[in-house]
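# Survey of secondary and tertiary structure
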Amino acid sequence: QLIDPVKVRLSSVRISVIGCGYLGAVHAACMASLGHQVIGLDVDEAKVASLNSGVPPFYEPGFAELLDEQLAGGRLEFTTDPGRIAQAQIHFIAVGTPQLAGRYAADLSYVRAAVQTLIENVDTSKGPAVIAGKSTVPVGTARHIQDLCDESGNDLIVVWNPEFLREGFAVTDTVHPDRIVYGLPDDPDRAEVGRKVLDECYAELLATGIPRLLTNHPTAELVKVAANSFLATKISFINAMAQLCDATGGDVTQLAEAIGYDDRIGKKFLRAGVGFGGGCLPKDIRAFMARAGELGVDEALTFLREVDAINLRQRDKAVEMASNLLGGRFVGHKVAVLGAAFKPNSDDLRDSPALEVAQQIWSRGADLVITDPAAADALRSKLPNLNVVDTVAEAVAGADVVLLLTEWQEYRDLDPRELRALVRTPNIVDGRNVLDPQRWADAGWTYRGMGRLAGPAAARAQV
Ligand code: NAD
């Protein structure tokens, strides 16, 4: 039995979002802001309580205000009770798909559990419901979920609807995505219903002209991992160039600018530094390689192994740079690390390059102090052994080397003269290539960037 699309309410869709982390909680609040009735389901009671009381369990610009507004509007609620999702017309799956311990492959146990919850709780007696998959999954997952739903006897239509939001811009990206992809089931009738129900959900966004692409299940799943693989490759490409610049006296920031004028290349994602991290790119490229292996096409993606290796080498490189500035040993030296989150405007510490560099330096015996504008509390609970402080001034007091590892605006804006007065030895490792080397050198600092010239050499390179 298919929904008569004409009878689907045009203004408001009943939605459930399963998994209310960085993606799901923001998605739930944004869907409510589009006028839909939304219930967010999570297994984490503390997270649900926090969301229901209007306190975001993570830092994301604009989210606190949006959450407050939508809770007050009465269209948004969070629960741990799976029975509450029974009547929703669309169920977004937004649970985690982390890397399996000791393997490259993705851990699909959370997705399996979410599907099981759906099968046990949805009520499709009055017509089908749509499962819209947002989690990043190995290609083949959507078809498998469709099979599981069919075997269960529920009238569930699976559409894969990958999410491209960037942490730090999650709210804006959710309501102004640059494209929307529907991976539809092979059955044309089901595909049509799935498309219409999602069109209903995104009507307001589609009306603004956002491109909507209709694909089959595998294409939609591949679009997401292909996009992340491309971005990771771009970052590792420029980091490889940084290594060449270091070896030859070139300057990678100038190189990036010069090649970026070619609009086939473009300037974005061409900043060399300590590389990518977070809960997506690293695990996504590894899961992609693992899946390619299962499919017998691993050779197609062996380049991603190198992309991953280049990325991880940048972390080691930052450690070595700091070590060299200290004469080869960390013991007996105070090291200040600015930034712990994997990127600015986020408190996400998952696979953070900043944190890994800090941990390596700490494990080599340094007296290490670390700070981050948003992630300090998360860091204290995750790694209680680290000396975490709240301000830059506390972090750099008496330091022998300062490492800038997450490019928060307030770190980019630091005044080298003011900071010079606080440290013991003015050594700076600019792990994100965001500082002006000449300005720091002029203030008396020994500056080291990633593949970047410093001091008089940089000034000469400008002319
Ligand atoms: P997250 O770990 O922040 O959130 C996952 C949430 O799912 C957690 O709150 C967890 O408690 C909950 N959960 C786990 N099992 C559950 C179950 N059976 N029922 C209900 N809730 C359950 O992860 P995230 O960063 O939000 O990512 C989620 C997915 O979205 C991943 O596949 C990720 O790759 C993808 N994604 C994330 C982003 C991003 O920027 N974070 C962007 C695009 C895609």
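Coordinates for the structure precede this section.
Residues numbered from 1 in each chain as written. Predicted model: local features only at pLDDT ≥ 70, side-chain atom pairs only at ≥ 80, totals over all residues. Heavy atoms only, no water.

## Focus on the overall build of the chain
Here is the rule: Numbering of helices and strands runs from the N terminus, with a helix taken as a DSSP run of H or I at least four residues long and a strand as a DSSP run of E at least two residues long. Values of the radius of gyration come from C-alpha atoms, whereas the globule rule sets the reference at 2.2 Å times the count of residues to the power 0.38. Whether a residue is buried, partly exposed or exposed follows from its accessible area with a 1.4 Å probe, protein chains only, as a fraction of its type maximum: under 20%, in between, or over 50%, in that order. Here, residues are in contact when the closest pair of their heavy atoms is within 4.5 Å. Areas reported here follow the Shrake-Rupley algorithm with a probe of radius 1.4 Å; residue values treat only the protein chains shown as occluding. When charges are counted, Lys and Arg contribute as positive and Asp and Glu as negative, whereas His and the chain ends are disregarded. Note that the charge is assigned to NZ on lysines, CZ on arginines, CG on aspartates and CD on glutamates.
The helix and strand inventory of the chain stands at 19 helices and 14 strands. Taken over C-alpha atoms, the radius of gyration comes to 24 Å for the chain, in line with the 23 Å a tight globule of 463 residues would show. In terms of its C-alpha atoms, the chain occupies a principal-axis envelope of roughly 75 × 45 × 40 Å. Evaluated residue by residue, the chain yields a buried proportion of 56% over its 463 residues. Considering only contacts in the chain between residues 6 or more positions apart, those separated by 24 or more positions represent 73%. As displayed, the chain has an accessible area near 19,600 Å², and 52% of this comes from carbon and sulfur atoms. The chain carries 46 positive and 60 negative side-chain charges, and their two centres are separated by 4 Å.

## Focus on the site of the ligand
Applied cut-off: Whether a residue is near a molecule or strand depends on its heavy atoms: it is near if one of them lies within 4 Å of it. Polar contact is defined as a pair of N or O atoms within 3.5 Å, subject to the rule that within protein one atom must be able to donate a hydrogen and the other to accept it, and that residues adjacent in sequence are counted only when both atoms are side-chain atoms. Ten residues, namely Ala, Val, Leu, Ile, Met, Phe, Trp, Tyr, Cys and Pro, are considered nonpolar, four, namely Asp, Glu, Lys and Arg, are considered charged, and the remaining ones, Gly among them, are considered polar.
Taken together, 27 residues surround the ligand, and among them Asp42, Lys47, Thr97, Glu167 and Lys283 come closest. Measuring from an oxygen atom of the ligand, one finds a side-chain N or O atom of Asp42 at 2.6 Å. A distance of 2.6 Å separates an oxygen atom of the ligand from a polar atom in the side chain of Thr97. Considered on its own, the ligand offers 830 Å² of accessible surface; in the complex 90% of this is hidden by protein. Considering every element that reaches the shell around the ligand, the biggest residue donor is helix H4 (residues 109–121), with three residues. Its residues assigned to classes, the shell around the ligand comprises 13 nonpolar, six polar and eight charged.

## A closer look at the environment of Asp199
Here Asp199 shows up in helix H7 (residues 188–201). We classify Asp199 as buried; its relative accessible area is 16%. There is a polar contact of 2.8 Å between the side chain of Asp199 and the side chain of Tyr182. Engagement of the side chain of Asp199 in a polar contact is seen with the side chain of Arg212, the distance being 2.7 Å.

## Some remarks on helix H9 (residues 217–248)
The periodicity of an α-helix, 3.6 residues per turn, causes residues three or four places apart in sequence to face the same way. Here is the rule: One less than the number of residues in a helix, times 1.5 Å, gives the span that helix is expected to have.
The end-to-end C-alpha distance of H9, which contains 32 residues, comes to 47 Å, matching closely the 46 Å that a straight helix rising 1.5 Å per residue would cover. The first or second residue beyond H9 is Gly249, which carries a positive phi of 85 degrees.

## Regarding the packing of H9 against helix H10 (residues 252–260)
Rules: The axes used here are C-alpha line fits, helices contributing only the stretch in contact, and every angle between their N-to-C directions lies in the interval 0 to 180 degrees. Each angle gets one of four labels, with under 35 degrees taken as roughly parallel, over 145 as roughly antiparallel, 65 to 115 as roughly perpendicular, and the rest as oblique. Here a crossing is taken to be left-handed if its near helix is turned anticlockwise relative to the far helix by less than a right angle, and right-handed if that turn runs clockwise.
Where H9 contacts H10, the axes come no closer than 9 Å and their chain directions differ by 130 degrees. Accordingly, the angle class assigned to the pair H9 and H10 is oblique. For the element pair H9 and H10, the recorded crossing hand is right-handed. Between H9, through Phe237, Ile238, Met241, Ala242 and Cys245, and H10, the contact on the second element is made entirely by Val252, Leu255, Ala256 and Ile259.

## Regarding empty space enclosed by the protein
The following threshold applies: Both site types are read off a 1 Å grid over the protein atoms alone. A 1.4 Å probe that fits but cannot get out defines a cavity, while an open set with protein on both sides within 12 Å along at least five of seven lines defines a pocket; lining residues have an atom within 4 Å of a point. Grid points are joined across faces, edges and corners, and a volume is the space filled by probe spheres set on the points.
Under the definition given, this model contains one cavity of 30 Å³ or more. Taken as a whole, the largest cavity holds about 50 Å³ of empty space. Thr97, Ala106, Thr136, Val137, Pro138, Val225, Lys283, Asp284, Ala287 and Phe288 are the residues that line the largest cavity. For the lining of the largest cavity, the per-class residue count stands at six nonpolar, two polar and two charged.

## Brief notes about the sheet that holds strand S12 (residues 401–404)
Put simply, the rule is: Any two strands between which DSSP finds at least two bridges are classified as paired.
An order of S11-S10-S9-S12-S13-S14 is seen for the six strands of this open sheet, with the pairing classed as parallel. The strands lining the two open edges of the sheet, one partner per strand, are strand S11 (387–389) and strand S14 (446–449). Across the sheet, the mean angle separating the axes of adjacent strands is 20 degrees when strand polarity is ignored.

## A short note on H7
The end-to-end C-alpha separation of H7 is 20 Å, in line with the 20 Å expected for 14 residues at 1.5 Å each. Most of H7 is tucked away: ten of the 14 residues are buried. Between a side-chain oxygen at the N-terminus of H7 and the backbone nitrogen of Asp189 the separation is 3.0 Å; the capping residue is Asp187.

## Details of the side chain of Lys224
Rules: Any Lys or Arg side-chain nitrogen located within 4 Å of an Asp or Glu carboxyl oxygen qualifies as a salt bridge.
Along the polypeptide, Lys224 turns up in helix H9. Summary of buried charges: Lys224 has no salt-bridge partner, and the nearest side chain of opposite charge, Asp284, is 5.2 Å away. If sequence neighbours within four positions are ignored, Lys224 has contacts with Thr136, Pro162, Glu163, Phe164 and Asp284.

## Concerning the packing of H9 against helix H11 (residues 281–294)
The geometry of H9 relative to H11 is characterised by a closest axis approach of 9 Å and an angle of 115 degrees between their N-to-C directions. The hand of the H9/H11 crossing is left-handed. On the side of H9, the interface is formed by Leu222, Lys224, Val225, Ala226, Asn228, Ser229, Ala232 and Ile235, while H11 contributes Leu281, Asp284, Ile285 and Phe288. A per-class count over the contact of H9 with H11 returns eight nonpolar, two polar and two charged.

## Here's the deal with the side chain of Asp107
Positionally, Asp107 belongs in the loop between strand S4 (90–93) and H4. Nearest to the buried, unbridged Asp107 among oppositely charged side chains is Arg112, at 5.1 Å. For Asp107, the side chain forms a polar contact with the side chain of Ser109, separated by 2.7 Å. When near neighbours in sequence (up to four residues on either side) are disregarded, Asp107 contacts Gly96, Thr97, Pro98 and Leu100.

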